Amino acid sequence: AVADGITRSRSNGTYPTEHATVASVTFIETVLKELNVLKKYTIGSVERAMIETNKAFRNENLKRGITQKTVDYESLDYLGTTGCVLCINETSAVFSYIGDVIGIHFPVGFPAVLLTKDQLFNVNKFTLSNPFNTLKIADSGNRTIWKRKNARNKSDTDLGFGAFTGEPEALPFLKTFEFP
């Protein structure tokens, strides 16, 4: 399991790292706890473990008083992460991910295979190619806030991408599959 905890908004020009660390640990500990009880990994069982992991983020955010009503994406954002997990069976493997993680399979004697699609590609391309600054997002801090507010866990737009934040809206971005 690999996680890339999402930092909170800038404070005094720097990103605080504590929240990203807590998010990464929450992901790793929860998904491994859910998976360690399984004897065989299936698409369904790995997906359920990832769904439980998203629920753990909801609980972590609630413990901190972070809710849809308190989040403004600038001074307060959800505790969250992108991440992936690879579960190996005797003759196959199950891979599950959300967000902009990169997973590559290196089969012996065959070319490498990219397992993931960067879910942030479209929104990054859109926000960086805003030549007339029509969105008022010229600096990277404003772009980050705009993406969190308008694209994160928004499956109703081509700009949408996923991250575990405890929001059920993250789940359409969860990708899980099996390969030999």
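Let me begin by describing the structure that accompanies this report. (Residues numbered from 1 in each chain as written. Predicted model: local features only at pLDDT ≥ 70, side-chain atom pairs only at ≥ 80, totals over all residues. Heavy atoms only, no water.)

What about the side chain of Thr165?
No. 1: Structurally, the position occupied by Thr165 is in the loop between helix H4 (140–150) and strand E6 (175–179).
No. 2: You can call Thr165 buried: its relative accessible area is 1%.
No. 3: One polar contact links Thr165 to Glu167, side chain to side chain, over a distance of 2.5 Å.
No. 4: For Thr165, the contacting residues outside a window of four places in its chain are Asn54, Phe57, Arg58, Asn61, Tyr78, Leu79, Gly80, Arg152 and Asn153. (Helix = DSSP H or I, 4+ residues; strand = E, 2+ residues; numbered from the N terminus. Buried < 20%, exposed > 50% of the residue type's maximum accessible area, 1.4 Å probe, protein only. Polar contact = N/O pair within 3.5 Å; in protein donor to acceptor, adjacent residues only side chain to side chain. Contact = heavy atoms within 4.5 Å.)

Re the pattern of salt bridges
No. 1: Within this structure, the stated rule accounts for five salt bridges.
No. 2: Residue Asp77 is joined to Arg148 by a salt bridge in which the shortest nitrogen-to-oxygen separation is 3.2 Å. Of this pair, Asp77 sits in the loop between helix H2 (43–63) and strand E2 (81–88) while Arg148 sits in helix H4, placing them 71 residues apart in sequence.
No. 3: Owing to a relative accessible area of 0%, Asp77 belongs among the buried residues under this scheme.
No. 4: A relative accessible area of 6% places Arg148 in the buried class. (Salt bridge = Lys/Arg side-chain N within 4 Å of Asp/Glu carboxyl O.)

Comments concerning the nonpolar core
No. 1: Counting residues in each nonpolar core, the largest one holds 18 residues, and the members touching the most others are Val31, Leu35, Val46, Met50, Val85 and Phe164.
No. 2: Broken down by secondary-structure element, the contributors of at least two residues to this core are helix H1 (18–35), H2, E2 and strand E3 (93–98).
No. 3: Counting seven residues, the second largest nonpolar core, distinct from the first, contains Cys84, Phe95, Tyr97 and Val101. (Core = buried A, V, L, I, M, F, W, Y, C linked by side-chain atoms within 4.5 Å.)

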